[in-house]
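Topology and contacts: notes
One-letter residues, chain by chain:
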Amino acid sequence: MNKVLQNFLFVILIFLLISSLFALFNPQIFEKSEEVSFSQISQDINQGNIKEIIVSGDDLLILYQDGKQVTSRKESDSSLTQSLINYGVSQEKIRGFQIKIEKEKGSIWEWLMPVLIFLPLLIFIWFFWTISKQAKAGAGQTFSFLKAPAKLFGSGKAPGEKVTFKDVAGLEGAKEEVKEVVDFLKNPKKFWKMGARIPRGVLLIGPPGTGKTLLARAVANESGVPFFSIVGSAFVELFVGVGSSRVRSLFETAKKNQPSILFIDEIDAIGKTRMPGVGGGHEEREQTLNQILAEMDGFERDTGVIVIGATNKPDVLDSALLRPGRFDRRIVLDLPDIKGRKEILKIHCRDKPLSLDVNLDEIAERTPGFSGADLANLVNEAAIFAARKDKKQIYQEEFLESIEKVLLGPERKSHLLSKKEKEICAFHEAGHALVAASIPEAEQVRKISIVSRGMVAGYTLALPKEEKRIKTKSEFLAELSVLLGGFCAEKLKFKEISTGATNDLEKVSLLARNLVTKYGMSKLGPISFGKRESMPFLGWEAETERNYSEKIATAIDKETERFIKEAEKKTIRILKKKRKTLERIAKVLIEKETIEKEEFENLIKKKGKIKKVKR
Ligand code: ADP
Ligand code: MG
Ligand code: ZN
C-alpha cells in the first residue's frame, strides 16, 4: 500500500505543477503598463487624447493618441460608459473613441477550477484502476470477488503436469471408489434403471500428504468431464458474505457444465464444527457452510454434479456435512503400508538416475509412518545429497541419510559437544537403546547417534518390528521403560541428572496418564476420564472438562505415578544387570558417534570383552 500512496502523491504533484504553469504563461498584458486613476482617464477623454479603451472585466487598457499605454480599473458594479458619465464625461466625448470589450482573462482560479473539479475524479478513477490491476496480478479477486476463483482442470493443461491414476501409487481401494463415482457421472442411466441415486458428494479423508489432492487431480484428468477445483480457505476471506455468494456462483458454473465434478480441497476450512466463540470469523464460515449445504440439497435427483471434498481433519467437520445426501461417500486414504511405500518411492524415482545398489525395499521397511508426501520429499532430498556430493547417480547411502533428515531435521555438525556433554549424551542414548533391546515388546533399534539433528542432541531411532494399528498394554509399558532408559543410564553412570532427559520425561508423563485416563489400562478400570475435545484451530487435543471427582483425580495421579515408578524400576534393573554392555555401547558411540543396527546387535551379543573398534 506504501507504493500506492507514493503514486498518489506523485499524481497530485503533477497536477499542481501543471496548474501553476498555466498561471505563469497566461499573458498578463495589463500588468506590464503603468496604472493610472479612473478620474485621470476621464479628464484625458474630455481632452480627446484617448484613441481606444479595451475592457476586460473591470480592467481597462487605455491606448492614447500618441501611442502611450496605461491600465486602470473601473467600478465593478457599473459599465464603463456609466462610470464615465458618473465622472462627468459627456456622451459625445464617449463616442469619440473606440471601446473594445474583451473576454476577461487571467484569474488563476479560472485555470484552477476545472482542475480542482476533475482532479478528485481523476484520482478516484486512477486509484481503482491501480487496485484492480494489482488485484488481477495478485489473487485476482477484488472485482470478481463474488465469483469463486475456481480452476478448470482438464483439456488445456501442459502434458508434463498431467496427473493420471498411474501417478498415484497404492490407494487401490480409493482409486476404485473414485472410478465408480466417475462412472456414475458418465453412465447415469445405467444406475437410474436400478433406481439408484447418484451420490452427491464424496469425501476424501486421510492424514496430510496421503495423496488426496493428487487423487483428485488424477480424477480431473481421467474422468473426461469438466472438473472445477477450489480450496476451502478461498471461501473464507476478504469480506463478510463473500463466501456464500462464491459458493452459489461455483455451483452455478458446475451445474451449467454438467456432468461435472466440483472439488473442494481442505474443506475443513469451512466445514468446521460450529463452535461458538472459537476461532475468528466463525459466523462467516457458518454462512458459507450453510450455503454449501443448501446447494447440495438443491441438486435435483438427476443433476450431474458430484462434489468431491478433501480433508485431513474429518473430526472437526460439521456433522451436517456428513449427513447422507451430502457427502454420503467417504473414502479413507491411509498412510501407505510397506508395499504402498515401495510403490510411491518407485513413482518418484522414475525420472532419477539410481545406482544399482539402491534397495527400495529396505527404504520402505525403514519408513513406517511416512506419508506419500514425506516419501516424495525423501527421494528429493536423496537427489539433492547426491548432487551436492557431485555423484553421477543416487546411491542407497543418500536415501538412508535423507530418511533421518526427513525424520529429525538436518544434521548439525557444527554443533559441537564438549567432551563431558558427549559422554553424557552417549550414555543417555546407549541407555535408551539397551533397554529397547532388552524388552521383547519394545521397538527395534535401527540406529543410535549422538550427532545433533534439528532440535535433538542425540537420538535413538527405534521402529516397530512390523506395522501396527493397535498397541497393547505391554507395548506401552515397554515404551515407558525405553523412554526412561536415557534418564536412568545418566543417573546410574554419573549419579546425576541432566536436562537432556526433559523431552523424554514429558512423553513419559503424558503416556502414563493416557494409560490411566484414556486407555483404561490401570487399576481404575475401563473408564475414560475427562472430556477431551480437539481444538481444530490449533490442531491439538485438550481436556476441556473434568468429569470426575477430586478423589478420582488423586487416584489417577497415583496410578500414573505407579506406572512411571514401575517402569523406572524395571529400567534400572535392566541397566544394572547389563552395565558392561551399556559401557561398551557408550564407548563405541563416543568414538564413532553413530551405530547402525547390525553393529548394535553385535555389541549386545558380545559378552564381556571389549573389542577395539576401528573407524
Ligand atoms: P494431501 O493428501 O495432503 O492433499 P497431496 O495429494 O498434496 O497430499 O500429496 C502431496 C504429494 O505427495 C503429492 O504431490 C505426491 O508427490 C506425493 N504423494 C502422496 N501420495 C502419493 C501416492 N499415493 N502416490 C504417489 N505420490 C504421492
Ligand atoms: Mg491436499
Ligand atoms: Zn532421550
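Here the structure is shown first, and the text comes after it.
An account of the accompanying structure is given in this report. Predicted model only: the values in this text are computed from it and were never measured.

1. Quick word on the packing of aromatic side chains
Taken as a whole and assessed by the stated rule, the structure comprises seven aromatic pairs. Judged by centre distance (5.9 Å) and plane angle (35°), the ring pair of Phe227 and Phe263 falls under tilted. A residue pair is termed long-range when its members are at least 10 positions apart, and Phe227 in strand E8 (residues 227-231) and Phe263 in strand E9 (residues 260-265) qualify at 36 residues. Of the residues examined, Phe263 reaches a relative accessible area of 3% and is grouped as buried. Arranged with centres 5.8 Å apart and planes meeting at 90°, the rings of Phe529 and Tyr548 form a pair that is edge-to-face. You can see Phe529 sitting in the loop between helix H19 (502-517) and strand E14 (531-535) and its partner Tyr548 sitting in the loop between strand E15 (540-545) and helix H20 (550-577), a full 19 residues away along the chain. Joined through ring pairs, the aromatic side chains of Phe124, Phe127 and Phe128 make up one cluster. One cation-aromatic arrangement involves Arg562 over Phe563; the distance from NZ or CZ to the ring centre is 5.4 Å.

2. As for the side chain of Glu490
Its location among the elements puts Glu490 in helix H18 (residues 473-494). Buried and unpaired, Glu490 has Lys420 as its nearest opposite-charge partner, separated by 9.4 Å.

3. Structural notes on the nonpolar core
Core analysis: the biggest nonpolar cluster contains 47 residues, and Ile448, Leu480, Leu575, Leu582, Ile585, Ile595 and Phe600 have the highest contact counts within it. Sorting the residues of this core by element identifies helix H17 (419-438), strand E12 (444-449), H18, H19, H20, helix H21 (579-592) and helix H22 (597-605) as the ones contributing at least two each. Counting residues per element, this core draws most heavily on H18, at eleven residues. For Ile595, the residues in contact, after removing those within four places along its chain, are Arg446, Lys447, Ile448, Ile585, Val588, Leu589, Phe600 and Leu603. Within the second largest apolar cluster, 27 residues are counted, among which are Val182, Leu185, Phe191 and Ala310.

4. A closer look at the sheet that holds strand E1 (residues 34-35)
Across the sheet, which stays open at both edges, the five strands sit in the order E1-E4-E3-E2-E5 with mixed pairing between neighbours. The sheet is open, and its two borders are formed by E1 and strand E5 (98-102), each paired with just one other strand. Relative to strand E3 (residues 59-64), strand E2 (residues 50-56) runs antiparallel, the two being bridged by six bridges. Residue pairing across strands places Ile54 opposite Leu61, the latter belonging to E3. Sitting on the sheet, helix H3 (residues 38-46) touches E2, E3 and strand E4 (69-73), and the angle it makes with E2 is about 145°.

5. Details of the sheet that holds strand E13 (residues 459-463)
Reading across the sheet, the three strands line up as E13-E12-E16 and stay open at both edges, with antiparallel pairing between neighbours. With one partner strand each, in any of the chains shown, E13 and strand E16 (594-596) form the two edges of the open sheet. Across the sheet, the axes of successive neighbouring strands diverge by a mean angle of 20°, strand direction being ignored. Packed on one face of the sheet, H17 meets E12 and E13 and runs near 170° to E12. Sitting on the sheet, H21 touches E12 and E16, and the angle it makes with E16 is about 115°.

Conventions we followed
Per chain, residues are indexed from 1 in the order of the written sequence. Labels are handed out in written order, letters beginning with A for the chains and numbers beginning with 1 for the ligands. Only residues with pLDDT of at least 70 are given local features in this predicted model, and only at 80 or more are side-chain atom pairs given and counted; all residues enter the totals for whole chains, interfaces and linings. Heavy atoms throughout the structure, all of them, feed into the side-chain values; hydrogens and water do not. Pairing of aromatic side chains here covers Phe, Tyr and the six-membered ring of Trp, requires ring centres within 6.5 Å, and sorts the geometry by plane angle: under 30 degrees stacked, over 60 edge-to-face, intermediate tilted. Each helix corresponds to a stretch of at least 4 residues labelled H or I by DSSP, and each strand to a stretch of at least 2 residues labelled E; elements are numbered beginning at the N terminus. Relative accessibility thresholds used throughout: buried, under 20% of the residue-type maximum; exposed, over 50%; partly exposed, between the two (1.4 Å probe, protein chains only). Here, a charge over a ring is recorded when the distance from Lys NZ or Arg CZ to the ring centre is within 6 Å and its angle to the ring normal is within 35 degrees. The positive count covers Lys and Arg only, the negative count covers Asp and Glu only, and His and the chain ends enter neither. The salt bridge criterion pairs a side-chain nitrogen of Lys or Arg with a carboxyl oxygen of Asp or Glu, the two atoms within 4 Å. Side-chain atoms within 4.5 Å link the members of a nonpolar core, which is a set of buried Ala, Val, Leu, Ile, Met, Phe, Trp, Tyr and Cys residues. By definition, residues are in contact when any of their heavy atoms lie within 4.5 Å. Note: two strands are recorded as paired if DSSP finds a minimum of 2 bridges between them. Axes here refer to lines fitted to C-alpha atoms; in helices the fit is confined to the stretch in contact. Angles between the N-to-C directions go from 0 to 180 degrees.

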